Amino acid sequence: MVLAAPGTNRDHDVAFALDLAGADSRITLLAELLATPALLDDVQLLVVAGGFSYADALGAGRMWSLALTHGVGDALQRFVAAGHPVLGICNGFQVLTGTHLLPGSLAHNESGHFQCEWVRLEAPTSRCVWTEGLDPVECPIAHGEGRYVHPDAAGLAGAGQVALRYAPGHNPNGSAADIAGVCDPSGVVLGLMPHPENHVIARQHPRHTRGRAGGLGLALFERGVRYAKEH
Amino acid sequence: MGGGARLTIRTVAADPRSAGLLADAHALGVHSVTAIDVADVVFFAEELPPAAQAAIEAVLVDPLLQQGSWEVPVGGVETALLPGVTDPAATAVQLAMATIGLPHVGVATGARFEPHGDVNAADRAALAHRLLANDVIERWADGPIEPHFVDEHATADHSVDHVDVRDLDDEALQALSRERGLSLDLAELHAVAAHFRTAGRAPTDVELETLAQTWSEHCSHKTFRARITTPDGTEVTPLLRQLRAATDAINAPFLRSAFVGNAGIVSFSEGRTLAVKAETHNHPSAIEPFGGANTGVGGVIRDVMGAAHHPIAVTDILCFGPTDTDPEGLPDGVLHPRLVERGVIEGVADYGNKIGLPTVAGAVLYDPGYTANPLVYAGCIGVAREGDWELPGPQPGDLVVVLGGRTGRDGLRGATFSSATMDATTGDVAGASVQIGDPITEKLLIDVLQECIGLYTAITDCGAGGLSSAVGEMAEGVGADVDMALAPLKYPGLRPWEIWLSEAQERMVMAVPPEQWGTLDERCRRRGVEATVLGTFTGDGLLRVRAGDLTVLELDTHFLHDGRPQRSMVAELPSPPRGAAEPPACPDPAATLLALLAHPNIASKERVVRRYDHEIRGTSVVRPLVGAAHDGHADGVVLAEPAERHGVALGIGVNPWYGIVDPEHMAHAVVDEAIRNVVAVGADPAKVALLDNFSWGDPRRPSTLGELVAAVQGCCDAAAAHAAPFVSGKDSLNNEYLGSDGQRHAVPPTLVITAMAHVPDADQVVTPDLKGAGNLLVLLGRTHTEFGGSHFALVHDLPLECGPVPAPDPDAPARYRALHAALATGRVRACHDLSEGGLAVASAEMAIAGRLGVRIDTLPHADIATGLFAESNSRFLCEVAPGDVDWFLGAVGGTALVVGRVTGDGRLTMPGVDLPLEAAVTAFTGGHR
């Protein structure tokens, strides 16, 4: 299930990536899930897709996380407790921190404005099922509020919850300890600011005319989909 | 605070907005301030019990990032929106309160600024005026501000006024036009008076306003349809007819629709059509840069939706005054270019990023001619299945349906405003002309329209003129009867004419057969889009607008659309310098090259481009920034769906400095440049469609109109030469500012050409970054001593008329076909078009993008200045492996010349130039890497 709220805009990109990774994805509108929380019972994997839900008028992702918590909070907790993989990308990451499924918060970029550029991500050893054994990924960021803030970044790493870091020199927004993505204590819920769904074929890379392919974000989706199928 | 409450929210760490504000404050002349702290404020119309305060704070304040306070602070400068300006953040707070079960109260939002340093009341006032509050949409207070809440119980006066124009003399008619801001000339006013004399009644105020909107320059293109003569009596074919004739003569097999409806439509690949459109939003952006640019993007996206296509990308071309303009020297009422630039870029970014479309091709130009009249061009392309756009049009009995955003007082009289010259009071009187964008509502419209194909017989967007223009156009010949009392409103209290003329954004109007209404309404509800029936298309040819039982307008649609008398105008054609010229002196080519690379028009636009999401949809195959360090500018962009082989390229041509010297050759040159840009990235020159967008001064001045006539001539000649049809266009005239000095400030003649072209194989695209040391550099095309309007002239303070503007090259089309065939083999490693700054700048840009050295040892002209810096048309620089050179020279024809090679020594070496590459990178990027 790719979940989309009013203002979500990378739902189709994620659905394409998931299908390429072997899933059979479907885009579900938030209103449909709020009306029928049992829709979650029929799916094995959930992605909260990126965009500007409710225009981010209260702060990035806050209205969406409020609606989720009040509408389907319990169903979501059960879904995670059952070990189904959950992914929040960009606005989806901001939403999952808002629901407290993931630790920390996302603040305004150090630059004070929206940035769109490519970054290199590395996956340290962690509990995360989405990034286990993942080679470095190159993909774009496209956000204004992506600076990861956590009172104890070292503790988080020690607990195996830092799933992705910006490679040295690639931290675009001032995130604590170069953190690009974190997982929950169980490792099935991942949130990240960059967009691996926008690098699933080689010619999407800005240096593809220079013969420098590699670093496909597709690998991350393949891990999540495989995990969902095996569990 | 009379019984209300306020929550002040500040960040725990330094607010990233503060640094930018401080830099702006200093640049705008307030030097006493040493820091500016920022906070957000939420106002509540009623006192809140502690439990409610705690619940709200838990939603609005993230304790890891922010702290909230319910105390009323002391001092500072606070801003809030003017009454009537949409406040989406307040609406969002109300939605959040409802979600957590709190009762409905009035909410408003504002911002708080706390300047530090030795700042007195005069400094605070200067800060507020120049930087913190735009008085077109905001109020400010020295200290805590008193909020203004939306009156949710206002009532409207539903009466209509009659304005008897039938017996007015010329003076009284013109006075009426001025007082009501109708922007109609005497002949048009006579036509209106005559019509109502025949009808035997006085027009209502709504009818007058509707005629003024429909007959405005913005909506009816009177100049482009005018009868034009030169002073010696020679008749010039009306300009729009010339452009259409050029397109008809080309008879391109891929053309589906040109100069009709909301956008041009072509088909480059089986079963698929593309719609393309570009618009200007100059006047609104001058007085409220963020909102003006924001809604400019929103408007052009709706144009593509109004052509029944699904938007896939956005473009923008921006023209500003120099950002280092002395604030003291600005004409009265003119915003500083620095603020205009910031607001416009944020406005484009906000809309494009939130609606989820990549903002790709573009340009940013700076010239003192744009200080009082900044120009904002926004474009959009969309895709549809072949045939889906061919709609039958409204049928008698079809429902008039408005969908999307609600109607408020936003943007009243925008069309007439945009057709008038601005002066110092424009910001005051035009406050209501500024619209506020809501990209999320438009995003939902995009989604739902994809699901509604086949459910409607006609569709158009609500742009300038609002419902009056949208319903008026659709009703042409058919007639419609609509009731303004049915329109969903943002707040109560609007009069019927306000509803009818409001330019509230994010609205589309459809003709829906009654039997399809249920399905359409259900699909809209699923997506949370509001759809409302306003009336029916009648079949009687009359446009009838009611407010309940009261008829406020009844006009024959034939008179509305065809009743305007054709304008007669006089054009004095320019006589530009042409032919051979002496080359300019060039004592220090290295210094010239660095000055060119650092010139704001040529230097890196990375800081702008990175503000736009150009990655979303995953379709960007050649993006605006390319190369080893992702900081080289691509010639054009290429978009291709990830699952498809073919793609589409977009290129832009614009050069106002040529326009000042020789408008006809300027037009030819910028058409050529736009086509060069798409050919350079791998597009097929046999499948190119063009858009023209003119921003000009007042065409009632014969010399200004003469420049326009010359430019249209150049457009038509270039289109014919390249067999590339114009498919749509738009003109924005009267871009002039009447300063308090009594001088008229007009923009330079600014023609933006957009080329959209077919890319047969998106895996076989080419970028300008150099790929490997040892490869050879081959120049294609002819080089002449052409420095008129050149950037060489600009950086050396030479008169722009120092020589001829680059002349058309008759061999260009054949050269482009040959180059395309060569690029399609994949054997050409890099390709870049030559434009501003000529061969020297082009080779330096390729070197910067590839982070490799260049050695140019053969120049294409005996004169060094000409060889390095002339801007002759239709030239490319290509990188090929040594073993491919003979093949390439044979493939691309007689003008090709090996001029140098790629080196690994990290230097730029040319006759008179020997620089470390790093110096060029620093000049180009301003050291911002």
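About the thresholds
- Residues numbered from 1 in each chain as written.
- Chains lettered and ligands numbered in written order.
- Predicted model: local features only at pLDDT ≥ 70, side-chain atom pairs only at ≥ 80, totals over all residues.
- Heavy atoms only, no water.
- Helix = DSSP H or I, 4+ residues; strand = E, 2+ residues; numbered from the N terminus.
- Rg over C-alpha atoms; globule rule 2.2 N^0.38 Å.
- Buried < 20%, exposed > 50% of the residue type's maximum accessible area, 1.4 Å probe, protein only.
- Contact = heavy atoms within 4.5 Å.
- Areas by Shrake-Rupley, 256 points an atom, 1.4 Å probe, with all protein chains shown as cover.
- Lys, Arg positive; Asp, Glu negative; His and termini not counted.
- Charge placed at Lys NZ, Arg CZ, Asp CG, Glu CD.
- Phe/Tyr/Trp six-rings, centres within 6.5 Å; stacked < 30°, edge-to-face > 60°.
- Buried area = accessible area lost by both parts, 1.4 Å probe.
- Salt bridge = Lys/Arg side-chain N within 4 Å of Asp/Glu carboxyl O.
- Polar contact = N/O pair within 3.5 Å; in protein donor to acceptor, adjacent residues only side chain to side chain.
- Nonpolar A, V, L, I, M, F, W, Y, C, P; charged D, E, K, R; others polar.
- Pairing = 2+ DSSP bridges.
- Axes fitted to C-alpha atoms, helices over the stretch in contact; angles between N-to-C directions.
- Domains from an automatic or database assignment.
- Expected span 1.5 Å × (residues − 1).
- Arc of directions from axis to C-beta.
- Parallel < 35°, antiparallel > 145°, perpendicular 65-115°, else oblique.
- Left-handed = near helix turned anticlockwise from the far one by under 90°.

## Considerations on the overall build of chain B
Argument step 1. The helix and strand tally for chain B stands at 31 helices and 40 strands.
Argument step 2. Scaling as 2.2 N^0.38, a compact globule of 929 residues should have a C-alpha radius of gyration of about 30 Å, and chain B matches this with 28 Å.
Argument step 3. The dimensions of chain B, computed from C-alpha atoms along their principal axes, are 80 × 65 × 60 Å.
Argument step 4. Sorting the 929 residues of chain B into buried and exposed places 63% on the buried side.
Argument step 5. For chain B, the share of sequence-separated contacts (at least 6 apart) that also reach a separation of at least 24 residues comes to 82%.
Argument step 6. Taken as a whole, chain B presents about 31,000 Å² of accessible surface, with 51% of it coming from carbon and sulfur.
Argument step 7. Charged side chains of chain B number 66 positive and 120 negative; the gap between the two group centres comes to 4 Å.

## Some details on the packing of aromatic side chains
Residue and element names in this part refer to chain B.
Argument step 1. Within this structure, the stated rule accounts for twelve aromatic pairs over all chains.
Argument step 2. Seen in terms of ring centroids, Phe792 and Phe869 are 5.6 Å apart; in terms of plane orientation they differ by 35°. Their pairing is tilted. Within this pair, whereas Phe792 is found in helix α26 (residues 791–795), its partner Phe869 is found in helix α29 (residues 864–869), the two being separated by 77 residues in sequence.
Argument step 3. Taken together through their ring pairs, the aromatic side chains of Phe224, Phe694 and Trp696 make up a single cluster.

## Some points on the interface of chain A and chain B
Argument step 1. Taken together, the 47 residues of chain A in the interface contact 54 residues of chain B.
Argument step 2. Both faces considered, chain A and chain B share a buried interface measuring about 4,300 Å² in area, 60% of it formed by carbon and sulfur atoms.
Argument step 3. Ranking the residues of chain A by area buried against chain B places Arg62(A), Arg203(A) and Arg210(A) at the top, with a combined share of 18%.
Argument step 4. Summed over the shared surface of chain A and chain B, the result is four salt bridges.
Argument step 5. For the salt bridge of Asp769(B) with Arg210(A), the shortest nitrogen-to-oxygen distance reads 2.5 Å.
Argument step 6. Across the contact surface, chain A and chain B share 20 residue pairs in polar contact (both at pLDDT 80 or more).
Argument step 7. At the level of secondary structure, the elements contributing two or more residues to the side of chain A that touches chain B comprise α1 (11–20), α3 (62–81), β5 (105–107), β6 (115–122) and β7 (137–143) of chain A.
Argument step 8. Here the side of chain A that touches chain B gets five residues from one element, more than from any other, and that element is α3(A).
Argument step 9. Across the side of chain A that touches chain B, the residue classes break down as 22 nonpolar, 16 polar and nine charged.

## Some details on unusual backbone geometry
Residues other than glycine predominantly adopt negative phi, and peptide bonds predominantly adopt the trans conformation.
Residue and element names in this part refer to chain A.
Argument step 1. A positive phi is found at Ala55, a non-glycine position, where the angle reads about 60°.
Argument step 2. You can see Ala55 is positioned in the loop between β3 (46–48) and α3.
Argument step 3. You can call Ala55 partly exposed: its relative accessible area is 21%.

## Structural notes on the pairing of strand β18 (residues 480–483) of chain B
Residue and element names in this part refer to chain B.
Argument step 1. Because side chains alternate across β18, one face comprises the buried residues Ala480 and Val482, and the other comprises Asp481 and Asp483, equally buried.
Argument step 2. Bridge analysis of β18 against strand β20 (residues 531–537) gives three bridges, and the strand direction is antiparallel. By the bridge assignment, Asp481 is partnered in β20 with Thr536.

## Points about the sheet that holds strand β8 (residues 235–236) of chain B
All names here are of chain B.
Argument step 1. Strand order in the open sheet formed by three strands is β8-β7-β23, and the pairing between neighbours is mixed. Because the sheet does not close on itself, it has two edges, and the strands there are β8 and β23 (568–570).
Argument step 2. By the bridge criterion, two bridges tie strand β7 (residues 227–229) to β8 in an arrangement that is antiparallel. Within β8, the position partnered with Thr229 by the bridge is Glu235.
Argument step 3. Sitting on the sheet, helix α25 (residues 702–722) touches β7, β8 and β23, and the angle it makes with β23 is about 95°.

## Observations regarding the sheet that holds strand β15 (residues 399–404) of chain B
All names here are of chain B.
Argument step 1. Ordered by their spatial adjacency, seven strands build an open sheet running β17-β19-β15-β20-β18-β21-β22, and the pairing between neighbours is mixed. Both edges of this open sheet fall to β17 (458–461) and β22 (550–556), since each of them pairs with a single strand only. Direction aside, neighbouring strands of the sheet carry axes that sit 20° apart on average.
Argument step 2. Here β17 runs beside strand β19 (residues 507–512); their pairing, made up of four bridges, is antiparallel. In the sheet register, Thr460 faces β19, and the bridge partner there is Val509.
Argument step 3. Contacting β15, β17, β18, β19, β20 and β21 (542–547), helix α17 (residues 466–474) runs over the sheet at an angle of about 25° to β19.

## Regarding the pairing of strand β5 (residues 107–117) of chain B
All names here are of chain B.
Argument step 1. With nine of its eleven residues buried, β5 lies for the most part within the structure.
Argument step 2. Pairing of strand β2 (residues 33–44) with β5 involves eleven bridges; the strand directions are antiparallel. In the sheet register, Asp37 faces β5, and the bridge partner there is Glu114.

## Details of the domain arrangement of chain B
Argument step 1. As assigned here, chain B comprises domain 1 (5–142), domain 2 (154–215 + 391–423 + 440–567) and domain 3 (767–929).
Argument step 2. Placing the centre of domain 2 of chain B and that of domain 3 of chain B at their C-alpha centroids yields a distance of 53 Å.

## Let's talk about helix α3 (residues 88–99) of chain B
Argument step 1. Taking 1.5 Å of rise per residue, the twelve residues of α3(B) would be expected to cover 16 Å, and the 16 Å separating its terminal C-alpha atoms lies within 8% of that figure.
Argument step 2. Listed in full, the buried residues belonging to α3(B) are Ala90(B), Ala92(B), Val93(B), Ala96(B) and Met97(B). All buried residues of α3(B) fall inside an arc of 160° around its axis, so they share one side.
Argument step 3. If you follow the buried residues of α3(B), they end up packed against α3 of chain A together with β2, α2 (50–60) and β5 of chain B.

## Considering helix α16 (residues 439–450) of chain B
Residues and elements named next belong to chain B.
Argument step 1. The end-to-end C-alpha distance of α16, which contains twelve residues, comes to 17 Å, matching closely the 16 Å that a straight helix rising 1.5 Å per residue would cover.
Argument step 2. Across the twelve residues of α16, eleven count as buried, placing the element largely inside the fold.
Argument step 3. What α16 keeps buried is the set Pro439, Ile440, Thr441, Glu442, Lys443, Leu444, Leu445, Ile446, Asp447, Val448 and Leu449.

## Quick look at the pattern of salt bridges
Argument step 1. Counting across every chain of the model gives 60 salt bridges over all chains.
Argument step 2. Across the pair Arg544(B) and Glu554(B) runs a salt bridge, and its minimum N-O distance is 2.8 Å. Separated by ten residues along the polypeptide, Arg544(B) in strand β21 and Glu554(B) in strand β22 bring together distant segments of the chain.
Argument step 3. Overall, the relative accessible area of 16% leaves Arg544(B) in the buried class.
Argument step 4. Judged by its relative accessible area of 34%, Glu554(B) falls in the partly exposed class.
Argument step 5. Salt-bridge contacts for Arg617(B) lead to Glu641(B); the nearest nitrogen and oxygen are separated by 3.1 Å. With Arg617(B) in the loop between α22 (606–609) and β24 (620–622) and Glu641(B) in the loop between β27 (637–639) and β28 (647–653), the pair connects residues that are 24 residues apart, well separated along the chain.
Argument step 6. Owing to a relative accessible area of 27%, Glu641(B) belongs among the partly exposed residues under this scheme.
Argument step 7. The network of salt bridges with common partners includes Arg26(A), Glu32(A), Lys443(B), Asp447(B), Glu451(B), Arg526(B) and Arg527(B).

## Remarks on the environment of Pro589(B)
All names here are of chain B.
Argument step 1. Along the chain, the position of Pro589 falls in helix α21 (residues 589–598).
Argument step 2. Accessibility expressed as a relative area gives 8% for Pro589, which makes it buried.
Argument step 3. Placed 324 residues apart in sequence, Pro589 and Val913 show a C-alpha to C-alpha distance of 6.0 Å.
Argument step 4. If we skip the residues at most four places from it in the chain, Pro589 touches Ile864, Leu868, Phe869, Pro911, Gly912 and Val913.

## Structural notes on the environment of Leu455(B)
Residues and elements named next belong to chain B.
Argument step 1. You can see Leu455 is positioned in the loop between α16 and β17.
Argument step 2. Classification of Leu455 by relative accessible area gives buried; the value is 8%.
Argument step 3. Separated by 449 residues in the primary sequence, Leu455 and Gly904 have C-alpha atoms spaced 62 Å apart.
Argument step 4. The contacts of Leu455, once residues within four sequence positions are left out, are Val512, Pro513, Gln516, Thr519, Leu520 and Arg523.

## Remarks on the side chain of Ser177(B)
Argument step 1. Here Ser177(B) is to be found in helix α5 (residues 170–179).
Argument step 2. When neighbours within four sequence positions are excluded, Ser177(B) is seen to be in contact with Leu182(B), Ser183(B), Leu184(B) and Leu189(B).

## Observations regarding the packing of α3(A) against helix α4 (residues 91–98) of chain A
All names here are of chain A.
Argument step 1. It is at 8 Å that the axes of α3 and α4 come closest, and there the two elements cross at 50°. Taken together, the axes of α3 and α4 lie oblique to each other. Crossing hand, α3 versus α4: right-handed. For the pair formed by α3 and α4, the contact residues are Trp64, Ser65 and Leu68 on the first element and Asn91, Val95 and Gly98 on the second.
Argument step 2. Its residues assigned to classes, the contact of α3 with α4 comprises three nonpolar, three polar and no charged.

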